[in-house]
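This is what each chain is made of:
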Amino acid sequence: MTQIHVKKQFIPWLLLAPSLIYLIVFMGLPIIGTAQLAFESDEGWLGNFKMIISTKDFQNAVLNTLLLAAICIPIQLALSIFLAILVNKKFKGYQTLLYIIASPLALSDITAALISYSIFAPNGYLNRILLSINWIERPIYFFGYMFKSREMLVIIITEIWRATPLVFVMILAGLQSINKEYLEAAEVFGFNSWQRLWKITLPLLKPAILSALLIRTLFAFQLFGVVWLLAGRDITVLTGETYYWYVFMNNKNVASAYALIIAVLTFVVGWFYIRTIRSRYEEEGA
Amino acid sequence: MKIIYPLLFILIACFFLGPMFLAFVASITPASEFYDYSHIFPSRLTLEHINKLLFTLGGFRALIVSIEVALISIGISFALGIPAGYAIARYTFRGKDGVKLAMLFTRSLPLIVVAVSLVTVYMRLNLTDTALGVALAHAAMILPFVVIFTSSIFSSTFIEYEEAGMVFGLTRFGAFLRISLPLALPGLAASAIYGFIMSWNETFAASILSIQNRTLPAHILATAMASPDYFKYAMATVMAIPALIFIFIIRKYLISIWGISLK
């Protein structure tokens, strides 16, 4: 009897082992390697971090990363909730609309950046249209060191366009798991559609919204291609600095210090993410 | 009230598809018409930029490397991930929730945090600047997704079928191979395609881990800023079209792929 029990316990771990070992070798150990490189410096073990923190680029990178997250995420969320509720109305053609909204999910960050450039470039479509209807006399410049706030605006628009589909899909999944009977009951009790939205749908959507928020915050630290291609280092972000220090300054220690900062931020947000998911497991289990 | 839905439909469709369409048109606009502001859309179309990007500027080679990397990384992550997904779906054992949460967590770790330190390991193993090296890193990115997604696929295929098969004399492995695997095939295919898109789109690690043998996004990241505008749009088109086709094929699975993190 115990023999069988031991064997039964053994099989799933045997099946899991290759994956777990692979992730330890290619994720776990390299993170330790990143930490080793980050603490390796001629000026003591904190040397790289002291150097980084004293630079304006680092302060800007943190500020820009936070600013982009603080502006983009609420807009993405509001837009996604609106779109998800709309699609969930199941009007004629809603399925097609669902796929249309989801399509930017397939695009990488650099592709999104280049697509956005075709619109905002000096000879891009926006300028062409504005020139042809005589709203402006000369093209508006959105890119370049002189126009940082415009670059920021374009990055924000691009990010909203690129990442809203992901939030949308997550919210829609949450919306579809809501029991219709709650809404029907509310209707019986005379709730109008606005009250149903605020009193029933949104509270029940809270877990999905929370997951989407945390996932988006996690991805905010990974923001790279859009910023790098559209603004270069005019607008610094943490990932861009990692890339810059490794590729252009040939300094893997400082690059690793930046990577480690991203890792720590990911761990912190990831911990909250896992905690909200786990608490839901327990709620459902109870 | 009825009219509002078609109107919203058109507005939303324009917002999400419009930019892609415009960039695509820009990529087939003749170079001579780029600085001619008199009309918005080109008077004739050309494949010249896409051709040049692919066959003169090394795009095609990068595209082949990209495909190679994606296929190897899907192979690795599936060979390792399917047994793990099956274990999570079919067995109850201590530490299962821990494993699931660990997978969800690793899935949210970006390759950015390991790329630089992988270079130092790869130098010792002679893996720098090889498709295999990039693929090994990409497999680490795809694997947690494959484990989570395949476990949900296997839990939705009926265990009763497998048990019936075992009653008729199949071994557990035989039952898996002949019953669960075929039933799970469409879902597995969808996750392979999604894995392909993940690898196809990954820029950062691919750029750090390769110098000459660059994948397409790494090649674009290194050359886009110095290229004339029409090549930038050609790059967008070449990157976007395969990904869009693939996501269209797996459109029915999108909700379950991303809804999964809610379970």
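The rules behind each value
Residues numbered from 1 in each chain as written. Chains lettered and ligands numbered in written order. Predicted model: local features only at pLDDT ≥ 70, side-chain atom pairs only at ≥ 80, totals over all residues. Helix = DSSP H or I, 4+ residues; strand = E, 2+ residues; numbered from the N terminus. Buried ≥ 20, exposed ≤ 12 C-beta atoms within 10 Å, placed from the backbone. Contact = placed C-beta atoms within 7 Å. Rg over C-alpha atoms; globule rule 2.2 N^0.38 Å. Nonpolar A, V, L, I, M, F, W, Y, C, P; charged D, E, K, R; others polar. Axes fitted to C-alpha atoms, helices over the stretch in contact; angles between N-to-C directions. Parallel < 35°, antiparallel > 145°, perpendicular 65-115°, else oblique. Left-handed = near helix turned anticlockwise from the far one by under 90°. Domains from an automatic or database assignment. Core = buried A, V, L, I, M, F, W, Y, C linked by C-beta atoms within 7 Å. pLDDT = per-residue confidence, 0-100. Expected span 1.5 Å × (residues − 1).

> It is not clear to me how the overall build of chain B should be interpreted in this structure. Could you clarify?
Per the secondary structure count, chain B includes 12 helices and zero strands. Starting at the N terminus and ending at the C terminus, chain B contains elements arranged as α-α-α-α-α-α-α-α-α-α-α-α. Overall size of chain B, expressed as C-alpha extent along the three principal axes, is 75 × 65 × 30 Å. Taking all 263 residues of chain B together, the buried fraction comes to 48%. Contacts in chain B between residues at least 24 apart in sequence constitute 76% of all its contacts with a sequence separation of at least 6.

> I'm lost on the overall build of chain A in this one. Help?
Helix and strand content of chain A: 12 helices and zero strands. Its helices and strands taken in sequence order, chain A reads α-α-α-α-α-α-α-α-α-α-α-α from the N to the C terminus. For chain A, whose C-alpha radius of gyration is 24 Å, the value lies well above the compact-globule estimate of 19 Å for 286 residues. Counted over contacts in chain A with a minimum sequence separation of 6, partners at least 24 positions apart contribute 71%.

> Could you clarify how one ought to interpret the interface of chain B and chain A in this entry?
In many analyses, interface size is given as the accessible surface area lost on bringing the parts together. Each partner contributes to the interface: chain B provides 75 residues, whereas chain A provides 81 residues. Per-element tally for the side of chain B that touches chain A: the top contributor is helix α1 (residues 4-27) of chain B, with 12 residues. Considered class by class, the residues forming the side of chain B that touches chain A number 62 nonpolar, nine polar and four charged.

> Please clarify how the packing of helix α6 (residues 131-156) of chain B against helix α8 (residues 172-201) of chain B should be interpreted in this entry.
When two helices pack together, their arrangement is given by the angle between the helix axes and by the axis-to-axis distance. Residues and elements named next belong to chain B. Their axes nearest at 10 Å, the elements α6 and α8 cross at an angle of 150 degrees. Compared by their axis directions, α6 and α8 come out roughly antiparallel. Here α6 and α8 pass one another in a crossing that is right-handed. Contacts between α6 and α8 involve His-138, Met-141, Ile-142, Phe-145, Val-146, Phe-149, Thr-150, Ile-153 and Phe-154 from the first element and Ser-180, Ala-184, Gly-187, Leu-188, Ser-191, Gly-195, Met-198 and Ser-199 from the second.

> Can you walk me through the domain arrangement of chain B in this structure?
Residues and elements named next belong to chain B. Examined at the domain level, chain B breaks down into domain 1 (1-46) and domain 2 (51-262). The gap between the C-alpha centroids of domain 1 and domain 2 is 32 Å. The partner domain 2 presents seven residues to the eight residues of domain 1 that form the contact.

> Where do I start with the nonpolar core in this structure?
In a soluble, globular protein the nonpolar side chains are often hidden away together inside. Judged by nonpolar contacts, the single largest core of 163 residues is most densely connected at Leu-114, Ile-171 and Val-227 of chain A together with Ala-115, Ala-137, Leu-209 and Met-235 of chain B. Two domains each put at least three residues into this core: domain 1 (1-46) and domain 2 (51-262) of chain B. Contact partners of Leu-209 of chain B, with chain neighbours within four places excluded, come to Ala-115, Leu-118, Val-119, Tyr-122, Thr-128, Gly-133, Val-134 and Ala-137 of chain B.

> For this particular structure, what's the right way to read the environment of Phe-191 of chain A?
All names here are of chain A. With respect to the helices and strands, Phe-191 occurs in the loop between α8 (180-188) and α9 (193-220). Judged by the 16 C-beta atoms lying within 10 Å of it, Phe-191 falls in the partly exposed class. Apart from the residues within four sequence positions on either side, Phe-191 is in contact with Ala-186, Arg-196 and Lys-199.

> Sorry if this is basic, but what is going on with the confidence of the model for chain B here?
Interpreting fine coordinate detail is not advised for predicted regions of low pLDDT. All names here are of chain B. Mean pLDDT for chain B: 88, with 98% of residues reaching 70 or above. Taken element by element, chain B is modelled with least confidence in helix α12 (residues 254-259), mean pLDDT 75, and with most confidence in helix α3 (residues 59-90), mean pLDDT 94. Across the interfaces of the predicted complex, the ipTM metric reaches 0.90, alongside a pTM of 0.89.

> When you look at helix α3 (residues 56-87) of chain A in this model, what are you seeing that I'm missing?
Structural remark: α-helix, 3.6 residues per turn; residues separated by three or four positions point the same way. For α3 of chain A, which comprises 32 residues, the first-to-last C-alpha distance of 45 Å matches the rise-based estimate of 46 Å (1.5 Å per residue) to within 8%. Residues of α3 of chain A that are buried: Ala-61, Asn-64, Thr-65, Leu-68, Cys-72, Ile-73, Gln-76, Ser-80, Ile-81, Leu-83, Ala-84 and Val-87 of chain A. If you follow the buried residues of α3 of chain A, they end up packed against α4 (94-102), α7 (148-176), α9 and α11 (238-248) of chain A together with α1 of chain B.

> I'm lost on unusual backbone geometry in this one. Help?
Note: most residues except glycine have negative phi, and most peptide bonds are trans. Residue and element names in this part refer to chain A. Located in the positive-phi region is Asn-134, a residue other than glycine, with phi close to 60 degrees. Considering the arrangement of structural elements, one finds Asn-134 in the loop between α6 (125-132) and α7. With a phi close to 55 degrees, Asn-250 is a non-glycine residue in the positive phi region. Within the fold, Asn-250 resides in the loop between α11 and α12 (252-285).

> Help me out: how do you make sense of the packing of α3 of chain B against α8 of chain B in this one?
Residue and element names in this part refer to chain B. α8 packs onto α3 with a crossing angle of 140 degrees between their chain directions and a minimal axis gap of 10 Å. Judged by the inter-axis angle, α3 sits oblique to α8. Where α3 crosses over α8, the handedness of that crossing is right-handed. On α8, the residues that touch Ser-66, Val-69, Ala-70, Ser-73, Ile-74, Ser-77, Phe-78 and Tyr-86 of α3 are Phe-176, Ala-192, Gly-195, Phe-196, Ser-199 and Trp-200. By residue class, the composition of the contact of α3 with α8 is nine nonpolar, five polar and no charged.

> Would you explain the confidence of the model for chain A in this entry?
In the predicted model, chain A carries a mean pLDDT of 87, and 94% of its residues have values of at least 70. Mean pLDDT in chain A bottoms out at α12 of chain A, which sits at 81, and peaks at helix α5 (residues 109-120) of chain A, which reaches 94.

> Looking at this model, I keep getting lost on the environment of Asn-51 of chain B. Mind explaining?
For Asn-51 of chain B, the location among the structural elements is in helix α2 (residues 48-55). Separated by 50 residues in sequence, Asn-51 of chain B and Leu-101 of chain B place their C-alpha atoms 46 Å apart.

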